[in-house]
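Below, each chain spelled out in residue letters.
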Amino acid sequence: MEFDRTRLMNNISFLIKDKGLKVGELENSVGISAGYISKMTKAENESMPGIDLIYKLAQKLDVSVEALVNGDFNRSNDNLLFLIKFLHSLQVDTDLHEIEWDFFGEYSEIQEQYVLQDLPMLSRTLSVDMQDGESAFKFASQFSVDAKLTTTKENFCGFTSVGDALLFKLINHLPDNTKQTEYELYIIEDRGGGDEPLWPVCSSLVNNGELRPYLADLYNCLLKHSKDLKVTEDVRNLINRYLAKRSDEELPFN
């Protein structure tokens, strides 16, 4: 997507108002002079904010850089903003290692390992003309019954405080014989009694793809962390107990 300066500045202005922030305090917190943001939002000003400033503003406005640059908060209704905040929270918790995600090609790879239930979206009917990275199964979206989707071998399962989150990367086979990447997020709620409900959370297929940049941003975050060194919760707790007995001055990287 081509960089749209006007979209960026409109997003900044919207989020400042939405969060009830004082512009002067925001400017001071990111290290820019008073009145800078007001000058930047004027239509006749064609100067470009630097990536460092965009990153700092995204942090202060509690959104991702991708959402701040490519989103369109002025078009967002309350439910859309609600979902955007949720997706960003998942990303933040992933960055903090509060949520661990498993990469999987076929759902069966994790279904038996974590005793997960069958999913109504997955069909065992073989599809045709699969390319590298695509799976051999159709995917019945719970958001759009007309979409002709196939699964990929690039999906994630995350274990959150409310249940198992499933983020699917899908291929949309369009009527003009082109293909488009889609993302859908589902959660199997953990109620502890078996037969947990499956909740369709959000999809890039709805609302003209308004959630696409936010879902893609979350997906790229998970992809980045899929290469992280894995540390189990038991080992993490063990190491934390050890580190708690040491002063910061004793650590070699301070």
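An account of the accompanying structure is given in this report.

Looking at the secondary structure, you find Ser29 in helix α2 (residues 23–30). Each C-alpha atom of the pair Ser29 and Leu57 lies 9.2 Å from the other, and the pair is 28 residues apart in sequence. Within the local environment of Ser29, its side chain forms a polar contact with the backbone oxygen of Leu26, the two atoms lying 2.7 Å apart.

Mapped onto the elements of the fold, Arg5 is located in helix α1 (residues 5–18). With sequence-adjacent residues up to four places away left out, Arg5 is seen in contact with Met40, Lys42, Asn45, Glu46, Ser47 and Met48.

Take empty space enclosed by the protein next. For the coordinates displayed, the defined rule picks out 3 cavities of 30 Å³ or more. By volume, the largest cavity amounts to about 70 Å³. Looking at the lining of the largest cavity, the elements with two or more residues in it are α1 and α6 (78–95). It is α6 that provides the largest number of residues to the lining of the largest cavity, a total of 3 residues. A breakdown of the residues in the lining of the largest cavity according to their chemical character gives 6 nonpolar, no polar and 4 charged. What the second largest cavity holds in volume is close to 60 Å³. Every residue along the wall of the second largest cavity is listed here: Val63, Ser64, Ala67, Ile84, Leu87, His88, Gln91, Tyr214 and Asp217.

Counting residues in hydrophobic clusters, the biggest one holds 41 residues, and the most contacted among them are Ile12 and Leu68. Residue contributions to this core peak at 6 residues, all from helix α8 (residues 212–225). Beyond its immediate chain neighbours, meaning those up to four positions away, Ile12 contacts Ile37, Leu57, Leu61 and Leu68. Counting residues in each nonpolar core, the second largest holds 16 residues, with Ile110, Phe139, Leu166 and Ile188 among its members.

Another aspect to go through is the packing of aromatic side chains. Here the structure, examined in full by the defined rule, presents 10 aromatic pairs. Between Phe139 and Phe168, the aromatic rings sit 5.1 Å apart at their centres with planes inclined by 55°, giving tilted as the arrangement. Of this pair, Phe139 sits in strand β3 (residues 134–139) while Phe168 sits in strand β6 (residues 163–173), and the two are 29 residues apart along the sequence. Like Phe139, the residue Phe168 is buried in the burial classification. Pairing Tyr183 with Tyr219 gives two aromatic rings, centres 5.2 Å apart and planes at 45°, and the pair type is tilted. Taken together, the residues Tyr183 in strand β7 (residues 179–189) and Tyr219 in helix α8 connect sequence positions 36 residues apart. Overall, the relative accessible area of 9% leaves Tyr183 in the buried class. The buried category is assigned to Tyr219, whose relative accessible area is 2%. Among the aromatic side chains, those forming a connected cluster through ring pairs are Phe104, Tyr107, Phe139, Phe143, Phe168 and Tyr186.

Buried within helix α4 (residues 51–61) are the following residues: Leu53, Ile54, Leu57, Ala58 and Leu61. With its buried residues spanning 135° around the axis, α4 presents them on a single face. Exposed residues lying more than 90 degrees from the buried face of α4 are Ile51 and Asp52. Summarising the contacts, the buried residues of α4 are in contact with α1, α2, α3 (36–40) and α5 (65–70). Positioned one or two residues after α4, Asp62 has a phi angle of 60°, which is positive.

Packed helices, taken two at a time, are described by the angle between their axes plus the distance between the axes. Following both chains from N to C, one finds α6 and α8 inclined at 10°, their axes separated by 10 Å at the closest point. The angle between α6 and α8 falls in the class roughly parallel. For the pair formed by α6 and α8, the contact residues are Ile84, Leu87, Leu90, Gln91, Thr94 and Asp95 on the first element and Tyr214, Leu215, Asp217, Leu218, Cys221, Leu222, Lys224 and His225 on the second. Partitioning the contact of α6 with α8 into residue classes produces 8 nonpolar, 3 polar and 3 charged.

Conventions and cut-offs
Residues numbered from 1 in each chain as written. Predicted model: local features only at pLDDT ≥ 70, side-chain atom pairs only at ≥ 80, totals over all residues. Heavy atoms only, no water. Helix = DSSP H or I, 4+ residues; strand = E, 2+ residues; numbered from the N terminus. Polar contact = N/O pair within 3.5 Å; in protein donor to acceptor, adjacent residues only side chain to side chain. Contact = heavy atoms within 4.5 Å. 1 Å grid on protein atoms, 1.4 Å probe; cavity = no way out; pocket = protein on both sides within 12 Å on 5 of 7 lines; lining within 4 Å. Points joined across faces, edges and corners; volume = space filled by probe spheres on them. Nonpolar A, V, L, I, M, F, W, Y, C, P; charged D, E, K, R; others polar. Core = buried A, V, L, I, M, F, W, Y, C linked by side-chain atoms within 4.5 Å. Buried < 20%, exposed > 50% of the residue type's maximum accessible area, 1.4 Å probe, protein only. Phe/Tyr/Trp six-rings, centres within 6.5 Å; stacked < 30°, edge-to-face > 60°. Arc of directions from axis to C-beta. Axes fitted to C-alpha atoms, helices over the stretch in contact; angles between N-to-C directions. Parallel < 35°, antiparallel > 145°, perpendicular 65-115°, else oblique.

Read these as layout, nothing more, since geometry by itself doesn't imply function.
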